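Residues per chain are reported as follows:
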Amino acid sequence: MLAVLSPGQGSQKPGFLAPWLDLDGVEARLRWWSALAGVDLIHLGTRADADEIKDTARTQPLLVAAALLAAEHLPMHDVALVAGHSVGELGAAALAGVLPAEAAVTLAGVRGHEMSAACALEPTGMAAVLGGDPDEVLAALQSHGLHPANRNGAGQIVAAGAIDGLDKLAAEPPARTRIIRLQVAGAFHTPYMAPAEAALAAVAAGVTASAPARILLSNLDGAPVGHGPETLQRLVRQVTAPVRWDLCMRTLADLGVTGVIELPPAGTLAGLVKRELKGEGAPEIVTLNTPADLPAARRLIARHAGPARPYAPWFRMVVSPAAGRLARAAEATVGAGVRAGQVLGHVTGAQGPVEVTAHDNGLLTEWLAHHDDPVAPGQPLVRIGGTH
């Protein structure tokens, strides 16, 4: 079983796209995508220096464009699974068929611009915590008012939050850890990015999302996502939610992935997979950085292509128990986990309020009626999803 991975911010290198412009059609495609993203992708990928491509507003659409360009030169119909790290999820969603490539690049441009603007609101940052006991590390972060923005596996948790909290963490590190400050603009994947999430949600509301054509893993919990609108909601929510790449790698192992290709700029995710999935059964890995790597990537696909181990996404519909007006429970939000028997809201009619309850554990993927809508008995109100 083969997986194709799309890297996230921090993997970019000056000039990394230059070799790809020698391929037919690449320059024209980048000009079109530049107009959608609002940045010059050709300049950023070929002539810009490290400081220029470190800018969040520029980096994010550049990374998504690079992954999609390279994937166009692979036989993706033989690929069973895709996943991306942070903004790389947008590229992965396009490769899974959830989004058109143009929508992925456009959303990456909005995401990068709005996250950059959110970073300017107050001084925040990030630091990698290497080693130590994970529970002790998480407790230390909480004591300093920090958030675990990324859990990348292989003994790496990325802390994010206010600068003074990061300073305290560096001064009082947890036992057997090393703290490395990251050169980033702010505290990504934390509540500090709430304005960016709201802005991205407003644009994403106009995008039509399709069901994935292949297995697509979510950074939210490492699980396969089988529903297009839910995928889009997760992509938006991920702006403030932690990246659980450790759980994505656990799913790679659980599904029996035997081959991995990392799209350009490749190396970071391949290194994490190599450190986490080692020993007998470790996947064969190809890092695709230039067109010269395409033959090796195609050979890997030929060796490892095959039917995916089946996973069964399911959806349950919760219907109205009575006629009346719907009142949603405050905690019953799209993307939230729900448990069997949980009250999702009430329908209030002539006989008073009647509870609307979940029949299964799962994820609330979609409300089908608005708060205070009049509803009829048996009318579908909410969709709950999960996988077997």
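Residues numbered from 1 in each chain as written. Predicted model: local features only at pLDDT ≥ 70, side-chain atom pairs only at ≥ 80, totals over all residues. Heavy atoms only, no water.

### Regarding the overall build of the chain
(1) Moving on: A count of helical and extended segments in the chain gives 13 helices and 17 strands.
(2) Moving on: Over its C-alpha trace the chain gives a radius of gyration of 22 Å, about what one expects of a compact globule, namely 21 Å for 388 residues.
(3) Moving on: Dimensions of the chain along its principal axes, counting C-alpha atoms only, are 70 × 50 × 45 Å.
(4) Moving on: When the 388 residues of the chain are sorted by exposure, 50% land in the buried category.
(5) Moving on: Across the chain, every contact between residues at least 6 apart in sequence was considered, and the portion connecting residues at least 24 apart equals 73%.
(6) Moving on: Just so you have it, the chain exposes about 15,900 Å², and 53% of that area is on carbon and sulfur atoms.
(7) Moving on: Between the mean site of the 29 positive side-chain charges and the mean site of the 36 negative ones, the chain shows a separation of 4 Å. (Helix = DSSP H or I, 4+ residues; strand = E, 2+ residues; numbered from the N terminus. Rg over C-alpha atoms; globule rule 2.2 N^0.38 Å. Buried < 20%, exposed > 50% of the residue type's maximum accessible area, 1.4 Å probe, protein only. Contact = heavy atoms within 4.5 Å. Areas by Shrake-Rupley, 256 points an atom, 1.4 Å probe, with all protein chains shown as cover. Lys, Arg positive; Asp, Glu negative; His and termini not counted. Charge placed at Lys NZ, Arg CZ, Asp CG, Glu CD.)

### Structural notes on the sheet that holds strand E11 (residues 324–328)
(1) Moving on: The antiparallel open sheet is built from 4 strands, whose spatial order is E14-E13-E11-E16. Of all the strands in the sheet, the pair left with one neighbour each is strand E14 (352–357) and strand E16 (374–375).
(2) Moving on: Across 6 bridges, the pairing between strand E13 (residues 343–349) and E14 is antiparallel. Looking at the pairing, His 346 lines up with Glu 355 of E14. (Pairing = 2+ DSSP bridges.)

### Details of helix H9 (residues 194–204)
(1) Moving on: Considered for burial, the residues of H9 that qualify are Ala 196, Leu 200 and Ala 204. Here the buried residues of H9 occupy an arc of 70° about the axis, which is enough to place them on one side.
(2) Moving on: Of the surrounding secondary structure, the elements contacted by the buried residues of H9 are helix H6 (101–119) and helix H10 (228–237). (Arc of directions from axis to C-beta.)

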